[in-house]
Each structure stands twice: as C-alpha cells, then as structure tokens.
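# Coordinate inspection notes
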Amino acid sequence: MIAPSRASKLPDSQRIVITGIGLTAPNGNDWASFREALLNGRSGVQPYEIRYFGKTLAGICDFEATRYQSKKDLRRGTRAGSVGVYTANEAVKHSGLDWANVDRSRVGIYVGVTEHGNVETENEIYVIKGFDYDTSCWSHHHNPRTVANNPAGEIALNMGITGPHYTIGAACAAGNAGLIQGAQMLRLDECDVAIAGGTSESIHTFGIFASFNSQNALATHDDPTKASRPFDTQRNGIVVAEGGCLYVLERLSHAKARGAEIYGELVGYAINTDATDFVLPNPERQAECVRLALKRAELEPDQIDIVSTHATGTNSGDSQECTALRDVFGHCSNTRINNTKSFIGHAMGAAGSLELAGNLASFRDRVVHPTINVDELDPDCALPGLVLNEPQSVASVDYILNNSFGMLGINSVVIIGRL
Amino acid sequence: MTPAEIRDEIIDILDDISPDEDLENLDDDKAFREQLELDSMDFLDIVMELRKRHRVQIPEEEYGNLASMSSTVAYLEPKMKDIVKS
C-alpha cells in the first residue's frame, strides 16, 4: 500500500504520469541497457580530445543517429538536435502511442538545456579562421543551428509535431525543469502529450572544458572510469558528458483511456533560486527547494525511498548538497541516497532527466543503484542511507526524489511516485 | 579547370550537401530540384562551398544559373578556367 501523496487526491485530468522513456547515456542507449549498466557498475567515461583544449575525459554517447535521421539532416542540424530527435522518437516508441493517429497539434515539446549554440559558434569561428576571418565564409546554417529552441525544433521537424516547442534554459537544473514545464502545460490543457526532459551536446564545445579547468573544477584521473567520484575524498571535479533523456508525459485520464503502461507519476516538484552567487551553491536554498517539493506532494521526508543527488564531484558542491540533504533527510532511516554522475559524468541539461530515468526502474526491480568510485567517503558527505559502490535491494520503492541544481543558483526538485 | 573537372567538383559538393542522394544517374540537362531534394539553403551551400574552395563569388542575381548541372558548368567555366585542379 503506497502512502498517498497530494497528487493521488487530484482528479485524473490533473495527475501527470510518465508513459514513455527515450534516452541516450554514455553507458546505454535505451532505458533497459542504461539500467543494466548502473546495476553492474559500468561507467561511460572515456578518454576524449577536443580542439584547442587537447586531451581530457568525457561521457560520450554512441547512439545510432541515422535510426531516425538522414545523413543530410545530421549535417544540417546540431548534435543536441540529433540527441533530441533520437530520444524523442525512442520515447514515443516506448510509450506505445499509436503515433500515426496522434493529433500532432496536441503534442508539446519541452527540452531542458544548460546551454546551446556554443558548439556551433566555435565551429564557425574555426572555419573562418582558415579564411583569415572572412565572415562571408560564415555558414548560413549558423542561425537555425544556434537559435535557443533548436533542439526542440529539430524534434518537431523530424516528427511532424505542430504543437508548441521550445527549450528551457536552466543550467544544470534543466532536465528537471523540462519535465516540470511539460507537466504544467498538460495541466493547463495546452497539449495532450508532452515530450519533456533534457538534452546536452556540451562535450563538443572546448569552452566548457576550458572554463571548468580554469575554475579548477574539471576532473582528472589516470583511469577514466574513476574520474567522476562524487562524495569521495579524492574527487577533483566534473567529467563533462553528452546525452539526453526525454519522457512522454500524459494526464492520467489520457493514459488510462488508451491503456498505457505507466512508469511513474509526477507527484511533486519545485524550482527556486539561491540569489547568492554565480557558481557556488547555497545549501539553505537547496533544502528549501526540497522541502517545497515535499510540501506540494504532501509527503514527509521519511516517505522518500530514494534521493537521486545532483552532486557533480566538485569539492564544495558535493558537501554543500550533503549539508542540504542532512538538514532534510538526516533523521530518515529508510531513505537511500545515490548518485548517477559517478557512472556517466555530468550530462548538463540532460543530467536531471537521465539521472531520474536511471532510478525509475527501482519501482519495479526494488534495487537502488549505487554511487560508484567512493574509495574513501568524505566525512562531510557521510549521509545516512548513502548507497556506495554496490547496488542495494530494498523491500519497496514508492517515491523517488530527484535533485538537479545549476549555475546562477537555480535549484530544481521532482518527486516521482509509483503508480 | 576544364568543364569536366568543374562538373566533378560540383558532384563532390553535392555529395557533401546531400549525402543520401544517388548522384550517379544525374541528368545534366534537368533541373537539380526536379531530381534531388534541394532547398534554398542547399543552394546557398553550393555558393558557399565554391567561395570557400575556390574563392569564386556568385552574386545573388546570378543564382539562377545554378539550376541544372549543364547551366552551372557553363556559368562557372569562365570563372574557373584559370583555376588549377589540385
């Protein structure tokens, strides 16, 4: 018997459920293989080299881009668009929607992004450098590639979707923000089906590596698979990753009417802002964000079975999040805490939605995947309930709380319930 | 470049722009658009590639010369005859 959340008291037309999952992660190109990698400790971090910056590490995806796009579309579009097209098509396929007969004007696309346009701008500057910076050699494709709605718009073009499409720029909180936006638009009856989540192409911009490096926040390690190590005393920064995870969201009434399989219900969410620093997190505001999501869901902290942390492997970021979590969950004996970035690195705009997807399977298999690479737990991060290095079986999983935080002090939390 | 070399160059550019198309059976006297899925952005790619590869400038009012392979080669021949194929 699941302890009821507030959502369960709402009419079905206001309850938002997940009915499809499409993803590409550095260690899996569908939900099942991603889960299998997380339960078997398989990292997706590899050696990587990028123009100007040189050798580094990254989470790299190897999904089959031509499954849903022609070579010409790939040439014309962006990597973020391609990640979006792949994951949106996979999500719709997974949802079992009778896509040929879906009213595409009632489908909305809401894609969270950390940034967009850096990759394409760097590429053009690199090209015109070969022509002594002659701007007449600057591509006419630059603008359609770099408009902020590009990743969502490419999905719309590819799938013939004529409802609303846009991206949600929310730094590394964007994956959750995309999901929240989709739910809100469904509740407002702006669409019947929302394709929502986040994407990232960030490993293709040297600037992100160079900037993290200048900030002393880029991870290094002789063994790439051990470089992303949140909560460990030897953590030394972020591993940048690409990836994407988009969900099919529907109102429960809509999902029931078509007999859809349901993977979880969005029972609570919150977004707030630190308003204290460009990059440094604020644990007080993070805890407020978590509490606000719990309050809206009418859940107590000890009703959360899994907390999926945002921790990126930076020295201060991890301990600050742990301060916030200790404040909210410190007394909870049954709440497990894990981290998915330890496997795949930081997938930026996709992080929130991918990390949630990694945990969603727990409703069914009742296993909590671990945080890997913790050889020596940092005492500042020693939260009760941390699942370290090996998966842990539990009696049941009813509620998962997913944290995603970003620069400029944006915090986002979603709570998903089993249904 | 000879007309044949210019034609080869255009085929090479089209292969880059439209990698999914079969260019083997292209009819030189038929409009590109009747045979290939090319839109205005693709035609701008042809213009851009000629600029980048050979510094050939094509004014907008002369884009119409790029309608078919035959008309393209005939139009480019005086502009590219002194270029040595590398």
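Residues numbered from 1 in each chain as written. Chains lettered and ligands numbered in written order. Predicted model: local features only at pLDDT ≥ 70, side-chain atom pairs only at ≥ 80, totals over all residues.

## Structural notes on the overall build of chain B
Note the following rule: Each helix is a run of DSSP H or I of at least 4 residues and each strand a run of E of at least 2, with the numbering of both proceeding from the N terminus. Radius of gyration here is computed from C-alpha atoms only, and the compact-globule reference equals 2.2 Å multiplied by the residue count raised to the power 0.38. Once C-beta atoms are placed from the backbone, each residue is buried if 20 or more other C-beta atoms lie within 10 Å of its own, exposed if 12 or fewer, and partly exposed for counts between those two. Two residues form a contact once the distance between their C-beta atoms, set from the backbone, is within 7 Å.
Secondary structure assignment for chain B yields four helices and zero strands. Mapped in sequence order, the helices and strands of chain B form the string α-α-α-α. Computed over its C-alpha atoms, the radius of gyration of chain B comes to 12 Å, within 12% of the 12 Å expected for a compact globule of 86 residues. When the backbone C-alpha atoms are referred to their principal axes, chain B occupies close to 30 × 25 × 20 Å. A burial count over chain B gives 20% of its 86 residues as buried. The contacts of chain B with a sequence gap of at least 6 include a subset with a gap of at least 24, amounting to 60%.

## Some details on the overall build of chain A
Each helix and strand in chain A was counted, giving 14 helices and 14 strands. A compact globule built from 419 residues would reach a C-alpha radius of gyration of about 22 Å, and chain A, at 20 Å, matches this within 12%. Residues classed as buried in chain A amount to 57% of the 419 residues present. A separation of at least 24 residues holds for 80% of the contacts in chain A among residues at least 6 apart in sequence.

## Things to note about the environment of B:Ala4
Residue and element names in this part refer to chain B. In this structure, Ala 4 sits in helix α1 (residues 3–17). Its 10 C-beta neighbours within 10 Å are what place Ala 4 among the exposed residues. For Ala 4 and Lys 85, which are 81 residues apart along the polypeptide, the C-alpha to C-alpha distance reads 11 Å.

## Details of the confidence of the model for chain A
Our working rule: On a range of 0 to 100, pLDDT expresses the predictor's confidence in each residue.
Within chain A, residue pLDDT values average 97, and 100% of them lie at 70 or more. When pLDDT is averaged over each helix and strand of chain A, the minimum, 97, is found for helix α2 (residues 71–76) of chain A and the maximum, 99, for strand β7 (residues 243–251) of chain A.

## As for the nonpolar core
For clarity, the threshold we go by: Note on terminology: a nonpolar core is a set of buried residues of type Ala, Val, Leu, Ile, Met, Phe, Trp, Tyr or Cys, with members joined through C-beta atoms within 7 Å.
Among the nonpolar cores identified, the biggest contains 120 residues, and A:Ile195, A:Ala293, A:Val414 and A:Ile415 are the most heavily contacted of them. Residues within four places of A:Ile195 in sequence aside, it is in contact with A:Ala88, A:Ala91, A:Val107, A:Ile109, A:Ile155, A:Leu246 and A:Val248.

## A closer look at the pairing of strand β8 (residues 264–273) of chain A
Residue and element names in this part refer to chain A. The cut-off we apply is this: Between any two strands, pairing holds if DSSP finds at least two bridges.
Of all 10 residues in β8, seven are buried; the element is thus mostly enclosed. In terms of strand pairing, strand β1 (residues 16–24) meets β8 through three bridges, oriented antiparallel. Bridge pairing in β8 places Ile 18 opposite Gly 264. Across eight bridges, β8 lies against strand β14 (residues 410–417) in antiparallel orientation. The residue bridging Ile 271 from the neighbouring strand is Ser 412, located in β14.

## Remarks on helix α1 (residues 31–39) of chain A
Residue and element names in this part refer to chain A. Put simply, the rule is: Our arc is simply the arc of the directions from the helix axis toward the C-beta atoms.
Within α1, the full set of buried residues consists of Trp 31, Phe 34, Arg 35, Ala 37 and Leu 38. The buried residues of α1 occupy an angular sector of 160° when projected down its axis, which confines them to one face. For α1, the elements touching its buried residues are β1, α12 (341–344) and α13 (351–360). With its phi angle positive at about 70°, Gly 41 sits one or two positions after the end of α1.

## Observations regarding the pairing of strand β4 (residues 107–113) of chain A
Along any regular strand the residues' side chains alternate between the sheet's two faces. Residues and elements named next belong to chain A. With respect to burial, β4 is a largely interior element, seven of its seven residues being buried. By the alternation rule, side chains of β4 split into Val 107, Ile 109, Val 111 and Val 113 and Gly 108, Tyr 110 and Gly 112, which are all buried. Pairing of β4 with strand β6 (residues 193–200) involves six bridges; the strand directions are parallel. Bridge pairing in β6 links Tyr 110 to Ala 196. Pairing between β4 and strand β5 (residues 165–169): five bridges, direction parallel. Directly across from Tyr 110, in β5, lies its bridge partner Tyr 166.

## Side note on helix α3 (residues 40–54) of chain B
Residues and elements named next belong to chain B. Stated precisely, the cut-off is as follows: By this rule the span expected of a helix is its residue count minus one, scaled by 1.5 Å.
Between the first and last C-alpha of α3 there are 21 Å, a value that for 15 residues agrees with the 21 Å anticipated at 1.5 Å per step. For α3, every residue scored as buried is listed here: Asp 45, Ile 46, Met 48 and Leu 50. Close packing links the buried residues of α3 with α1. Just beyond α3, the residue with positive phi is Arg 55, at close to 60°.

## Examining the sheet that holds β4(A)
All names here are of chain A. Our working rule: Here the axes come from fitting lines to C-alpha atoms, over the contacting stretch only for helices, and the angles between their N-to-C directions go from 0 to 180 degrees.
Read across the open sheet, the 10 strands follow the order β5-β4-β6-β7-β1-β8-β14-β13-β9-β10; overall the sheet is mixed. In this open sheet, the two strands that pair with only one neighbour each are β5 and β10 (336–338). For this sheet the average axis-to-axis angle between neighbouring strands, irrespective of direction, equals 25°. The pairing of β6 with β7 spans eight bridges and is antiparallel. Paired with Gly 197 across the bridge in β7 is Leu 246. Set on the sheet, helix α3 (residues 79–95) makes contact with β1, β4, β6 and β7; between it and β1 the angle comes to about 130°.

## Things to note about the packing of α3(A) against helix α6 (residues 150–159) of chain A
Residues and elements named next belong to chain A. Let me state the cut-off plainly: With respect to orientation, any angle under 35 degrees is reported as roughly parallel, any angle over 145 as roughly antiparallel, any angle of 65 to 115 as roughly perpendicular, and every other angle as oblique. Crossing handedness: left-handed means the near helix sits turned counterclockwise from the far one by under a right angle, and right-handed means the same turn made clockwise. For this scheme, ten residues count as nonpolar: Ala, Val, Leu, Ile, Met, Phe, Trp, Tyr, Cys and Pro. Four count as charged, namely Asp, Glu, Lys and Arg, and the remainder, Gly too, count as polar.
Look at α3 against α6: their axes get within 8 Å of each other, and the N-to-C directions meet at 50°. Taken together, the axes of α3 and α6 are oblique relative to one another. Remark: the crossing between α3 and α6 carries right-handed chirality. Within the contact between the two elements, α3 uses Ala 80, Gly 81, Gly 84, Val 85, Ala 88 and Asn 89 and α6 uses Asn 150, Pro 151, Ala 152, Glu 154, Ile 155, Asn 158 and Met 159. Residues belonging to the contact of α3 with α6 are distributed by class as follows: seven nonpolar, five polar and one charged.

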